[in-house]
Amino acid sequence: MANVPAVLAEVHRAATALWEGARRVPVVHYAGLAAVGMSPAAAADSGFVLQLDGNAAAAFTVRCTLEGPAHTETVEIAGRPPLTRHFQAERMSCEIRQTAEGGRLDIAVRGKSGNLSRFSTGGAGSAITVTTR
């Protein structure tokens with residue numbers, strides 16, 4: 001429960017930015033309490049890092065399923081690049097879908113062991129699915 005304030009702060013920040021008409025702030029929907037308030041060093045030691053880059057035309061949706069020893073949760077994110085999220089789980093499976101025409105979306109996933117996988121998409125409807133432990 002230590003991450004509840006960080007999650008609430010992120011949801012509040014995203015909602016406020018949308019209300020004010022910001023274009024580059026992602027909309028975040030949490031089905032559970034992912035570990036999003038972690039430092040990069042802590043995430044690299046015990047979790048996963050999802051990073052999306054590209055140009056503002058490359059709008060996207062992300063749906064990640066995070067599995068732990070006692071629970072499974074789903075995190076959904078919609079927005080425009082850049083985006084970096086840290087998750088703590090034993091297993092992570094994400095579908096990243098580009099939702100707007102034009103632009104390029106570059107995706108990087110760093111696993112718990114430090115392995116880095118890179119992908120890219122171009123065009124509305126293109127999708128990448130990645131699963132890692």
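Counting of residues starts from 1 at the beginning of each chain's written sequence and follows it residue by residue. With the structure being a predicted model, the display of local features is reserved for residues of pLDDT at least 70 and the display and counting of side-chain atom pairs for 80 or more, all residues being used for whole-chain, interface and lining totals. With hydrogens and water excluded, all non-hydrogen atoms of the structure serve as input to the side-chain values.

A. Expanded view of the sheet that holds strand β2 (residues 48–54). Spatial strand order, β5-β2-β7-β8: four strands in an open sheet with antiparallel pairing. The two strands at the open ends of the sheet, each matched to only one other strand, are β5 (83–87) and β8 (116–122). If you compare each strand with its neighbour and ignore which way they point, the axes differ by 15° on average. When DSSP locates at least two bridges between a pair of strands, those strands are taken to pair. What counts as a helix is a DSSP run of H or I of at least four residues, what counts as a strand is a run of E of at least two, and both are numbered from the N terminus. Sheet topology places β2 next to β5; five bridges connect them, and they run antiparallel. Bridge pairing links L52 to L83 in β5. The axes are straight lines fitted to the C-alpha atoms, using for helices just the contacting stretch, and the angles between their N-to-C directions are given from 0 to 180°.

B. Just the state of the cysteines, in detail. Two cysteine sulfur atoms make up a disulfide if the distance between them is within 2.5 Å. Counted by the stated rule, this structure contains one disulfide. Note that C64 is cross-linked by a disulfide to C94, the S-S spacing being 2.0 Å. Handedness here is read from the sign of the S-S torsion; for C64 and C94, about 110°, the answer is right-handed. Pair noted here: C64 is in strand β3 (residues 60–67) and C94 is in strand β6 (residues 91–98), with a separation of 30 residues, a long-range link. Throughout, exposure labels follow a simple rule: accessible area from a 1.4 Å probe, protein chains only, divided by the maximum for the residue type, with under 20% read as buried, over 50% as exposed, and the rest as partly exposed. When its relative accessible area of 1% is taken as the criterion, C94 is described as buried.

C. Here's a closer look at the pattern of salt bridges. Counted as salt bridges are all cases of a side-chain nitrogen of Lys or Arg within 4 Å of a carboxyl oxygen of Asp or Glu. This structure, assessed with the given rule, holds four salt bridges. In this structure, R97 and E95 form a salt bridge, with 3.4 Å as the shortest nitrogen-oxygen distance. For D106, the salt bridge identified is with R104, shortest N-O distance 2.9 Å. Taking the relative accessible area as the measure of exposure, R104 reaches 47% and is therefore partly exposed.

D. Broad picture of the pairing of β3. Here β3 shows a buried face lined by F60, V62, C64 and L66 and an unburied face lined by T61, R63, T65 and E67. Two strands pair when backbone bridges link them, and β3 and strand β4 (residues 72–79) are joined in this way by eight bridges, in the antiparallel orientation. From the neighbouring strand, T65 faces β4, where its bridge partner is T74. Hairpin connection from β3 to β4: four residues lie between these consecutive antiparallel strands. Alignment of β3 against β6, held across eight bridges, turns out to be antiparallel.

E. Just the pairing of strand β7 (residues 104–110), in detail. Note that β2 and β7 share six bridges and pair antiparallel. Pairing of D53 across the sheet is with D106, part of β7. Judged from the seven bridges that link them, β7 and β8 form a sheet pairing that is antiparallel. Along β8, the bridge assignment pairs I107 with F119.

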